[in-house]
Structure formats: C-alpha cells, structure tokens
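So the chains spell out like this:
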Amino acid sequence: MQFGSVPTVGVDALSSEDFLLDVREDDEWEAGHAEGALHIPMSEFVARYGELTEAAPGDGKVYVLCRVGGRSAQVAQYLIQQGVDAVNVAGGMQAWEAAGRPVSDGKGGSGSVI
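In this text the structure is predicted, and so the values were computed from the model without any measurement.

Caption draft 1: Region of the structure containing the packing of aromatic side chains. Scanning the entire structure with this criterion turns up three aromatic pairs. With a centroid separation of 6.1 Å and 70° between ring planes, the pair formed by Phe45 and Tyr49 is classed as edge-to-face. An identical accessibility class is assigned to Phe45 and Tyr49; each is buried. Here Phe45 and Tyr78 contribute two aromatic rings whose centre-to-centre distance is 6.0 Å and whose plane-to-plane angle is 90°, an arrangement assigned as edge-to-face. You can see Phe45 sitting in the loop between β4 (38–39) and α2 (49–55) and its partner Tyr78 sitting in helix α3 (residues 70–81), a full 33 residues away along the chain. Of the residues examined, Tyr78 reaches a relative accessible area of 24% and is grouped as partly exposed. We note Arg101 situated over the ring of Trp96; from NZ or CZ to the ring centre the distance is 5.1 Å.

Structure (structure tokens):
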C-alpha cells in the first residue's frame, strides 16, 4: 500500500520485534503509546534526528506512527530522503488501539489514544 509515494503498512503487519517511531506531540504520547516505541515529536524531529539514528536498527525498517497516519507519512518521506528504510503505519495509533494492541501510559497503566 502507498500513501503518496511512501511505503505504508497496516498495524496487522507489525510484530513485537519491529522498531516503532512515534511522532505525535508530548500530550498525545503521555496519554497513550505503544510500549517500546521511540518518541520524537514531528515538531522537533529534524533537530532530534540524531536520536533516531542512534536508536534505530542499522539494517531494519523504521515504522512511523502518529494518530491517524498523516504526520507519520511526512516523517517517513523525510527519512526515506535521508536513506532510512522507513514505512508509514496506516491509521496510526487509532488503528493500533482498534486492533487491540496494548496502549501504555508509561506508568504501568493502560493508556488511551487522543
């Protein structure tokens, strides 16, 4: 599936081994996120790009999430331009939650997607 020219997958294609990058803003992240995802808000992404290159697997894909898929598509496009094997996650965290995937509040409780 493509979002513009960006490779896109649904949440059902993701495994627990996949590297997730969440580009939602801080309030969205704190309300609920996928456990183990790296959080870099889109608004700070270019300035904090080095955090991704340090954390991401050198030979693997980076699956980019936002709330519904628009911001993540933009970040995935940017990453592809930088030579990163990036994939947009269609439906974002709303689809993640709807698919019954766990949403964490980061404090040991269950979170919600806002």
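Caption draft 2: The nonpolar core, seen in detail. Formed by 17 residues in total, the largest nonpolar core has its most connected members in Leu21, Phe45, Leu52, Val62, Val64, Val75 and Leu79. For this core, the secondary structure elements donating two or more residues are β3 (19–22), α2, β5 (62–65) and α3. The dominant element in this core, judged by the number of residues it contributes, is α3, at three residues. Residue contacts for Leu79: discarding those within four places in its chain leaves Leu21, Phe45, Tyr49, Leu52, Val62, Val64, Val84 and Ala86. Judged by nonpolar contacts, the second largest core, of 14 residues, contains Leu14, Ala34, Ala37 and Met93.

What counts as what
- Residues numbered from 1 in each chain as written.
- Predicted model: local features only at pLDDT ≥ 70, side-chain atom pairs only at ≥ 80, totals over all residues.
- Heavy atoms only, no water.
- Phe/Tyr/Trp six-rings, centres within 6.5 Å; stacked < 30°, edge-to-face > 60°.
- Buried < 20%, exposed > 50% of the residue type's maximum accessible area, 1.4 Å probe, protein only.
- Helix = DSSP H or I, 4+ residues; strand = E, 2+ residues; numbered from the N terminus.
- Lys NZ or Arg CZ within 6 Å of the ring centre and 35° of its normal.
- Core = buried A, V, L, I, M, F, W, Y, C linked by side-chain atoms within 4.5 Å.
- Contact = heavy atoms within 4.5 Å.

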